[in-house]
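# Observations on the three-dimensional arrangement
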Amino acid sequence: MKQALGLVSLVVRDYDEALAFYVGILGFTLVEDSFVPEQNKRWVVVSPPGATESRLLLARASNPEQASRIGNQTGGRVFLFLYTDDFARDYERYKARGVEFVREPKQEPYGTVAVFKDLYGTLWDLVEPRQR
């Protein structure tokens, strides 16, 4: 048997501003952007560069309760973990593009890690896993 998480949904305020950040700043690939007329929403999927299975659904908040979760879907904990094959390259590129890091790079038993915020304040780990 094989299973995989196909999508992780991230509640956002606006599709286009989220795309500007994830595609324009982080360099994610736009996988799909389709209008769903019966629900008056878009199906917007992005993926980290080179990723084959992991994808992020950018889901616009559709009510006040969902909107209250934007940027804080996990109560202030790191929510998403972006693995990289070259930490220094991506860290420097993101900093040059204005990404805010709230925890500077650190060596951990599992690899090199730093924590950054997306445009809404959602916390992400940028991780280069240690070679095993």
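Residues numbered from 1 in each chain as written. Predicted model: local features only at pLDDT ≥ 70, side-chain atom pairs only at ≥ 80, totals over all residues. Heavy atoms only, no water.

Feature annotation in UniProt places "domain: VOC" (unreviewed entry) on residues 4-129, given in this structure's numbering. Between the end C-alpha atoms of residues 4-129 there is a gap of 20 Å, over a span that is 20% helix and 40% strand. (UniProt positions renumbered as here; feature names shortened; annotations may be inferred. Helix = DSSP H or I, 4+ residues; strand = E, 2+ residues; numbered from the N terminus.)

A few words on the sheet that holds strand E5 (residues 80-83). Here we have four strands laid out as an open sheet, ordered E5-E8-E7-E6, and mixed in their pairing. Both outer strands of the open sheet, E5 and strand E6 (101-108), are each paired with one neighbouring strand and no more. On average, each strand axis in the sheet is tilted by 20° relative to the strand beside it, whichever way the strands run. Inspection of the sheet shows E5 paired to strand E8 (residues 123-129) by four bridges, in the parallel sense. Looking at the pairing, Tyr-83 lines up with Val-127 of E8. (Pairing = 2+ DSSP bridges. Axes fitted to C-alpha atoms, helices over the stretch in contact; angles between N-to-C directions.)

Core analysis: the biggest nonpolar cluster contains 28 residues, and Tyr-22, Leu-56 and Leu-58 have the highest contact counts within it. Contributing elements (two or more residues each) for this core: strand E1 (8-12), helix H1 (15-25), strand E3 (41-47), strand E4 (56-60), E5, helix H3 (87-96), strand E7 (111-117) and E8. The biggest single contributor to this core is H1, with five residues. The two domains that each donate at least three residues to this core are domain 1 (1-70) and domain 2 (73-131). (Core = buried A, V, L, I, M, F, W, Y, C linked by side-chain atoms within 4.5 Å. Buried < 20%, exposed > 50% of the residue type's maximum accessible area, 1.4 Å probe, protein only. Domains from an automatic or database assignment.)

So, about the pattern of salt bridges. Throughout the structure, instances matching the rule amount to nine salt bridges. Where Lys-2 meets Glu-53, a salt bridge forms, and the shortest distance between an N and an O atom there is 2.9 Å. Here Lys-2 is found in the segment before E1, whereas its partner Glu-53 is found in the loop between E3 and E4, with 51 residues between them in sequence. When its relative accessible area of 67% is taken as the criterion, Lys-2 is described as exposed. One salt bridge connects Asp-16 with Arg-42, and the closest N-O pair in it is separated by 3.1 Å. Taken together, the residues Asp-16 in helix H1 and Arg-42 in strand E3 connect sequence positions 26 residues apart. (Salt bridge = Lys/Arg side-chain N within 4 Å of Asp/Glu carboxyl O.)

Take the packing of aromatic side chains next. Taken as a whole and assessed by the stated rule, the structure comprises nine aromatic pairs. Relative to Phe-116, the ring of Phe-101 lies with its centre 5.6 Å away and its plane at 55°, an arrangement referred to as tilted. Pair noted here: Phe-101 is in strand E6 and Phe-116 is in strand E7, with a separation of 15 residues, a long-range link. Neither Phe-101 nor Phe-116 differs from the other in exposure class; each is buried. On the numbers, 5.7 Å between centres and 15° between planes, the contact of Phe-116 with Trp-124 is stacked. Summarising the burial analysis for this pair, Phe-116 and Trp-124 share the class buried. Three or more aromatic residues joined by ring pairs make a cluster, and in this case those are Phe-21, Tyr-22, Phe-28, Phe-87, Tyr-91, Tyr-94, Phe-101, Phe-116 and Trp-124. (Phe/Tyr/Trp six-rings, centres within 6.5 Å; stacked < 30°, edge-to-face > 60°.)

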